[in-house]
Each structure stands twice: as structure tokens, then as C-alpha cells.
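Each chain, written out:
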6 protein chains.
Amino acid sequence: MAELIEYVDADPEVRAVFEDITTSRNLPDVNNFWKALAVHPATLKRTWESLKEVMSPDGALDPLTKEMLYLAVSVTNGCNYCISSHGAAARKAGMTPAMWGELMAIVAMANETNKLAFGLRVPVDPQFK
Amino acid sequence: MAELIEYVDADPEVRAVFEDITTSRNLPDVNNFWKALAVHPATLKRTWESLKEVMSPDGALDPLTKEMLYLAVSVTNGCNYCISSHGAAARKAGMTPAMWGELMAIVAMANETNKLAFGLRVPVDPQFK
Amino acid sequence: MAELIEYVDADPEVRAVFEDITTSRNLPDVNNFWKALAVHPATLKRTWESLKEVMSPDGALDPLTKEMLYLAVSVTNGCNYCISSHGAAARKAGMTPAMWGELMAIVAMANETNKLAFGLRVPVDPQFK
Amino acid sequence: MAELIEYVDADPEVRAVFEDITTSRNLPDVNNFWKALAVHPATLKRTWESLKEVMSPDGALDPLTKEMLYLAVSVTNGCNYCISSHGAAARKAGMTPAMWGELMAIVAMANETNKLAFGLRVPVDPQFK
Amino acid sequence: MAELIEYVDADPEVRAVFEDITTSRNLPDVNNFWKALAVHPATLKRTWESLKEVMSPDGALDPLTKEMLYLAVSVTNGCNYCISSHGAAARKAGMTPAMWGELMAIVAMANETNKLAFGLRVPVDPQFK
Amino acid sequence: MAELIEYVDADPEVRAVFEDITTSRNLPDVNNFWKALAVHPATLKRTWESLKEVMSPDGALDPLTKEMLYLAVSVTNGCNYCISSHGAAARKAGMTPAMWGELMAIVAMANETNKLAFGLRVPVDPQFK
């Protein structure tokens, strides 16, 4: 299992990232993903800054859609941790059980038809090129 | 490459599905995916009926969100045909270049952090269980 | 694209493998996969010997079942070359269009339900442990 | 972990699917996959009906071959739940330990050569196009 | 295919990134990946800055090892573009044909044993936990 | 979970492989991967002989680089067992925490840009063909 670095044991560079996370998200503590990433402070810092920018509430997509896209990828990859944490984030952003059910149906169906397209070696239609 | 079955060469069971597709979507012809699937009429019929139900405009998610979720999976799987066809469908449903840019950023980031979570073997936080 | 090494340009170690392939399979020439692997003779030799053993007609599974399993994996991974070459091998071993249609339906369905099981984080039933 | 819906707590639409599963398969109860899918009755119903059709004992492929193909995909995707449940189903359909050993050898080998074909960017031979 | 944005058609934000890439790498022009990413300047900028940091010649791993790791992932994912471009980068950093042959053998073997571990559901040894 | 075959319960063919593993690696016992593979002696023997050859200390790549490449693939595939065992092997071969942090950053970044290249359908630059 991952080595998890707690705030009290962290060096100043890590602490600064942890503080930015808890402040930005109004949380009492960072979750395990960030505590595990703290073993490599440069990766922790870059990943957090990228995530903060990509998942910013400002943009062309609303926060709920963003979290659902994140979840669709995580389900496809079978990342249990990510399904758990981004599932929680999506529900917090407003994903209802009915939305989750439809998301799962779409993700499953897309994985199915992706493989049909691979297996049948379907050529791209001229209008889609 | 795929064997593609055209409407004029298709048997009645396949023609009925092709007609339902072109009518439902108001298109002059089905795209290559369906022509390739027609080699196995039972799979053609079941896949179309499932897709029609899953991507139905009625539901908790709007058609644009549905197409973007489909696209997020297809990009993760590297299905070129599916990226092409569902990219076109998403643009038709209202996906702007800015939305597409954000979608790609999220899909890429999710694939990145999914692998970080795998590699670091991060335990699921108690609040996400 | 791959560098392809032809028999006439190959060194003796590579030639010996090529000869074993064409003799075992009663073919006039090896296919491109082997010509590409010949850039690293040790990998060529090991891969061929492993494949010859794994796909041997002697064993608990018949040659057609073996080729269809190979194909199921190749479709899941989206390996176009492998779908092409093992599709040909499966047809040669007796795979009919109806079998191919059912194989594709199963592979697609399995990819779909695999993702449903991931997303729903289904616990393994006690009787399956 | 998944929310699992038991028969006694299910609404009539879900109960009808559960009954069709237990009757078709002659089982005392449905397994966890179906209980988890029951959170979205439309997906439960569609998935079961698709699976029943795809895995039907009538067809060009026999039930054992079908289960082994399902298993080959599930191993490739690393779906632990699916390996467990379809492994049990395959054994019930007649998969011996020797067949399982050969199946695993083929799945592993196919994953290996799929990546060799990717990395070497092998062009498809003219006879396979 | 991708829309590719050339330097002469790019806005100042994109031009600045292109200039940093060509200067840092001492190249006459950026490659297609960056021209394609330029459709979304924020993603272009963040991706380049992350890549520049991650692939920096300063660090615990030397540039050749870094490029080979990048290549190992790209082969596993079957990303043809990435295999092409990072293959070139690895050769430029000193990867010999013998190294490339061994890299491919390891990547293929790892993909094989990864699937064996999945299928056999091997429990982690106490000493590896 | 896997059936694990211990040395004392193994038949001579399996014992011979186990002895070669413990001797070659100077270990008191084989790890669970080999005990699980022993259910199919032919696969055990072939896998071990292939692995011994591929991961041989003689060659163009040093043992540490080899183990890190193995690890990069295992992280990409999300193989928990393989991350655990090859992580231990890499640390034994000299991988420092800083190297591991950089390896993870590269693997994550490569997975990210692989998906960007897929989604944007970037054409291969002429100089990389």
C-alpha cells in the first residue's frame, strides 16, 4: 500500500500544496491521493496545479459535466480509487442516481461499440474525416 | 477492412434496422459502423436498439452530455472510428471548440491521475467507501 | 512503419526461425510480423517457440477455439494487425461468418459488463471466491 | 462498494428481471452483479436481455466456447469480479483445469504479441486486408 | 484528422509556446502533436510546461531512460503517433537497436505476465505489501 | 483467489522450475506468482524461461532500467500484484525514491499525452515515419 504523508510530517513545499487544496476545496484535510503523491513533491505540486486549472469552475463546461467526464474515464480504466473519489465529487456537484445510472449505461455501451469498431475494422466515413 | 453491406444488398431484417436508423436520425444513409455490423443481423439489431435507448434524448442527461461521455470513453480506448463519428455527433449536439478542448484536457488528466493512483496503490479514503 | 527483414537478407539465426515457421505452417513465406520481429533475433526466436507451443494442435483446446480466444484478446486491445492475421487464421481453422458474428457479440458484451462491474464496484459473491 | 438491492426490497420491474434470471439459470438467487445493476432498472433489464441473447445455448458457438471467450476478455481487462463469476460459469460448462491453463497461456501470449505488433508498427500483409 | 495550426497562423499565446519548444529543443519547427494541441491554447501551454519539467535532463533519471519509459507506456497503449515520435526521441538520446529490441521484449513480457497475474488472481506476497 | 502450489506439494516438473528460480535469484522460496502459475506446469516453465532470458543481467540494458520498464508497463495496466513485486525488484536493483517519483511522473504524463494524440488524431510527422 501507499506510503501516506500527513500534514504534520510534511516539509514546507508539501504543506503549501496541502493548504492550497484544503482552502480551495474548503475541506478539513486532503484525501489519500494527495498524501500518497507527497512522496514526490514536484509531482504533487504539478498535478495539483494542473488539476486545479483543468477542473476550474470557470470554463465552457460546468463542474458537474467535468466530474462526470472524469468518472467516465475512471470507470473505463477500472481505477477503483478514482471511481470512489470522483464519484463522491460528482454527487457533491449534483449527480443524481438517475444521472449516474445513465452515465454507466453510456460508458458501458461506448466500451462495447468501441470494440465492435475495432473488430470489424470499420473505415471512417468520408463525412467524418 | 470491413465488409460493408449496402441497403440495396441487404435482406429484410437488416433493411428494417437501417430504415429505423435513418428515420430516427433523419439521415439519408446509415454510416459505415452499421453497414459493417450488418454481417451479423442479430448483433446489428440488438446494438441499434440498445444504443437508441441509451442515447435517447429523454432522460436525466441531455444529449450533448451523453455524446461527450461517449467521446471521453472513445478517446481513452483510442478508437479512431468512434472518435470520428461521436465527435461529429457531439458537435452536432452543440459541442463548441472550447468544450472539446476542455473535454480533451479532462480525459487526458483523468488518464494521468488514474495511473498515479494505480502506481501509488492509494487506499480508498474511509469517506469514499 | 516497421523495418521488415526478408529471408534473403537475414542472418543464419533468423533464417532458421523463418524456415521453421514456413515448414510448420506449410507457407511459402513468413508474414510481416515475423519479418519485423527479426530486427531482434532473440525475441524472434523466443516468440516463435512460445507461440508454436501455446498454439500447438495437441492439447485440451482445439485449434479453432485457440484462434478465437486469440482473436477475442486482439479485438479487446484494438490491435489491427493481430485482428487481421488471427482473423485469417481462425477462418482457416474453420470459423464461419456466424461464429465470427457471435464471437464479436460476446467480446463486445464482455467489454460492456466488465466496465459495469468496475463502475459499480461489485463485491465478489462468496461462492465465486 | 456497490449498493446491492435484494429481491425483497426491489420494485416490480426489478423483481421481474430477477425472476427471469433465476428461472433461466435455475438458481436460488441472482448474483451480486445483478443486485448492483438494479440501482438503474432500465440498464438491468437491457443488460440481462442482451446477455441472455448473446450467451444463448442456441447458436454457432457452444456454451463452453462462449464462456471461455468471455473469460479471455475479462482477463485482458483485469476485471476481478468478471474473472470470478465467468470462471465459475466456464467450469460449470465443462472447462477443465487443463483447458483453463491453455486459455490463460493464449490470453497472455496474445497480449504479448499484440504489443509487439503495436511497437513494431507492423504493416498488414496484403493477403490479410 | 487533426486540425494543425501553423506558427504563422497562431495567436501570440500559441506562438510563445511554439517558440519555447523550438528553442528548448533546438528544432526548426514544432511537430504535429503541438500544432494539433494548439486548438486549445491553455492545454497546449500546460502540457508543454508539464512535459518540459517531467522530461528535464536534470533529475534522478537520465534522458535516455526517461525516453525509454515513455516509449514503454506508448507501446502498451498502442499509440502509433507516440511510438513514432518518442521512438525518434529515444534514438536521438542514444537508444541503440539492441536496446530497442530488449525494451520491446520487456514491454511484451510485462504485458503477458500482467494478464497472468490478473487471471490467476494472485494474492500479493506479505513481503511486497 | 488463486490456488497456490507449494514446493512440498508440487510434482517433479514444477519442483525443477521452483529450484531454478530460487537458485537463480538466491531466494528461500518462490513468490506467489510462480505458485499460482504452477497449476499449469507448461506455462510455468515457459514463462520462467522467457522471463529469465528477457530479464537477464547480460544485455544492452542494465537490470535497473529493465525493472523500471517492467514497472512502467505494470502501472499503465493497473496490475497491483505486478506493481508490488516489480516495485520491490526495482528497489532491490537500485531504484531510489527520487527515481520512483520521476518514473511515476513520466508514466502518468505518457498516459496523458497518449490520449491527447488519440483524441486529436494527430498525423505522424513525415520525419517520424
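Residues numbered from 1 in each chain as written. Chains lettered and ligands numbered in written order. Predicted model: local features only at pLDDT ≥ 70, side-chain atom pairs only at ≥ 80, totals over all residues. Heavy atoms only, no water.

Draft legend 1. Geometry of the pattern of salt bridges. Enumeration over the complete set of coordinates arrives at 36 salt bridges over all chains. Its salt-bridge partner being Lys 35 of chain C, residue Glu 6 of chain C comes within 3.1 Å of it at the nearest N-O pair. With Glu 6 of chain C in the segment before helix H1 (12–25) and Lys 35 of chain C in helix H2 (residues 32–37), the pair connects residues that are 29 residues apart, well separated along the chain. Looking at Lys 35 of chain C, the relative accessible area reads 7%, which means it is buried. When the shortest N-O distance is used, the salt bridge between Asp 20 of chain F and Lys 52 of chain F registers 2.6 Å. Of this pair, Asp 20 of chain F sits in helix H1 (residues 12–25) while Lys 52 of chain F sits in helix H3 (residues 41–54), placing them 32 residues apart in sequence. Through salt bridges that share partners, Glu 6, Asp 29 and Lys 35 of chain A make up one connected network. (Salt bridge = Lys/Arg side-chain N within 4 Å of Asp/Glu carboxyl O. Helix = DSSP H or I, 4+ residues; strand = E, 2+ residues; numbered from the N terminus. Buried < 20%, exposed > 50% of the residue type's maximum accessible area, 1.4 Å probe, protein only.)

Draft legend 2. Layout of the interface of chain B and chain A. The interface is formed by 60 residues belonging to chain B together with 60 residues belonging to chain A. Between chain B and chain A lies a buried interface of about 5400 Å² when both sides are counted; carbon and sulfur atoms form 73% of it. Inspection of the region where chain B meets chain A yields 20 residue pairs in polar contact (both at pLDDT 80 or more). Elements with a contribution of two residues or more to the side of chain B that touches chain A: helix H2 (32–37), helix H3 (41–54), helix H4 (63–77), helix H5 (80–92) and helix H6 (97–120) of chain B. By residue number, the principal contributor to the side of chain B that touches chain A is H6 of chain B, which donates 17 residues. Across the side of chain B that touches chain A, the residue classes tally to 37 nonpolar, 18 polar and 5 charged. (Contact = heavy atoms within 4.5 Å. Buried area = accessible area lost by both parts, 1.4 Å probe. Polar contact = N/O pair within 3.5 Å; in protein donor to acceptor, adjacent residues only side chain to side chain. Nonpolar A, V, L, I, M, F, W, Y, C, P; charged D, E, K, R; others polar.)

Draft legend 3. Here's a closer look at the relation of the copies chain B and chain F. Overlaying chain B on chain F yields an RMSD of 0.0 Å, the required transformation being a rotation through 180° with an accompanying axial translation of 0.0 Å. Such a turn and shift between the copies fits a two-fold axis. Measuring from the rotation axis to each C-alpha of chain B, the shortest distance belongs to Glu 112 of chain B, at 2.5 Å. Residue by residue, 100% of the interface of chain B is reproduced at the interface of chain F, so both copies engage with the same surface. (Least-squares fit on C-alpha atoms with pLDDT ≥ 70 in both.)

Draft legend 4. How the structure looks around the interface of chain B and chain F. Listed by partner, the interface residues are 18 residues for chain B and 18 residues for chain F. Summed over both partners, the interface of chain B with chain F comes to about 1600 Å²; 66% of that surface belongs to carbon and sulfur atoms. Taken together, the connections running from chain B to chain F amount to 0 salt bridges. Along the contact surface separating chain B from chain F lie 4 residue pairs in polar contact (both at pLDDT 80 or more). Of all elements in the fold, only H4, H5 and H6 of chain B reach the threshold of two or more residues within the side of chain B that touches chain F. Sort the elements by how many residues they give to the side of chain B that touches chain F and H6 of chain B lands first, with 11 residues. Residue composition of the side of chain B that touches chain F, grouped by class: 9 nonpolar, 6 polar and 3 charged.

Draft legend 5. Structural view of the packing of helix H6 (residues 97–120) of chain A against helix H6 (residues 97–120) of chain C. Interaxial distance between H6 of chain A and H6 of chain C falls to 8 Å at its minimum, and their mutual angle equals 150°. Judged by the sense of rotation from one axis to the other, the crossing of H6 of chain A with H6 of chain C is right-handed. Where H6 of chain A approaches H6 of chain C, its residues Trp 100, Met 104, Ala 108, Met 109, Asn 111, Glu 112, Lys 115, Leu 116, Gly 119 and Leu 120 of chain A are matched on the opposing element by Trp 100, Met 104, Ala 108, Met 109, Asn 111, Glu 112, Lys 115, Leu 116, Gly 119 and Leu 120 of chain C. Split by residue class, the contact of H6 of chain A with H6 of chain C holds 12 nonpolar, 4 polar and 4 charged. (Axes fitted to C-alpha atoms, helices over the stretch in contact; angles between N-to-C directions. Left-handed = near helix turned anticlockwise from the far one by under 90°.)

Draft legend 6. Here's a closer look at the packing of aromatic side chains. Inspection of the entire model under this criterion finds 18 aromatic pairs over all chains. Measuring from centroid to centroid gives 6.4 Å for Phe 33 of chain C and Tyr 81 of chain C, while their planes differ by 25°, and the two rings are stacked. Pair noted here: Phe 33 of chain C is in helix H2 and Tyr 81 of chain C is in helix H5 (residues 80–92), with a separation of 48 residues, a long-range link. Relative to Trp 48 of chain E, the ring of Trp 34 of chain E lies with its centre 5.5 Å away and its plane at 90°, an arrangement referred to as edge-to-face. (Phe/Tyr/Trp six-rings, centres within 6.5 Å; stacked < 30°, edge-to-face > 60°.)

Draft legend 7. Layout of the relation of the copies chain B and chain A. When chain B is fitted to chain A, the residual RMSD is 0.0 Å, and the transformation amounts to a turn of 180° plus an axial shift of 0.0 Å. A high fraction, 100%, of the interface residues of chain B reappear at the interface in chain A, so the copies pair face to face through one surface.

Draft legend 8. Main features of helix H6 (residues 97–120) of chain D. Residue and element names in this part refer to chain D. Between its terminal C-alpha atoms H6 stretches 35 Å, which fits the 34 Å expected from 24 residues at 1.5 Å a residue. Burial analysis of H6 places 22 of its 24 residues in the buried class, the great majority of the element. Within two residues after H6, Arg 121 carries a phi angle of roughly 50°, on the positive side. (Expected span 1.5 Å × (residues − 1).)

Draft legend 9. Main features of the packing of helix H4 (residues 63–77) of chain A against H6 of chain B. Interaxial distance between H4 of chain A and H6 of chain B falls to 9 Å at its minimum, and their mutual angle equals 45°. If you check the angle between H4 of chain A and H6 of chain B, you find them oblique. In this structure, H4 of chain A meets H6 of chain B at a crossing whose hand is right-handed. Across from Lys 66, Leu 69, Tyr 70, Val 73, Ser 74 and Asn 77 of chain A in H4 of chain A, the residues of H6 of chain B making contact are Glu 102, Leu 103, Ile 106, Val 107, Met 109, Ala 110, Asn 111, Thr 113, Asn 114, Lys 115 and Phe 118 of chain B. Taken together, the residues of the contact of H4 of chain A with H6 of chain B break down into 9 nonpolar, 5 polar and 3 charged. (Parallel < 35°, antiparallel > 145°, perpendicular 65-115°, else oblique.)

Draft legend 10. How the structure looks around the confidence of the model for chain A. For chain A, the mean per-residue pLDDT works out to 97, and 99% of the residues sit at or above 70. At the level of chain-chain contacts, confidence expressed as ipTM amounts to 0.97, with global pTM at 0.97. (pLDDT = per-residue confidence, 0-100.)

Draft legend 11. Layout of the state of the cysteines. Residue and element names in this part refer to chain B. Following the criterion strictly, the structure yields 6 disulfides over all chains and no others. In this model Cys 79 forms its disulfide with Cys 82; the gap between the sulfur atoms is 2.2 Å. Across the disulfide from Cys 79 to Cys 82, rotation about the S-S bond amounts to roughly 50°, and the bridge is consequently right-handed. Looking at Cys 79, the relative accessible area reads 1%, which means it is buried. (Disulfide = S-S within 2.5 Å.)

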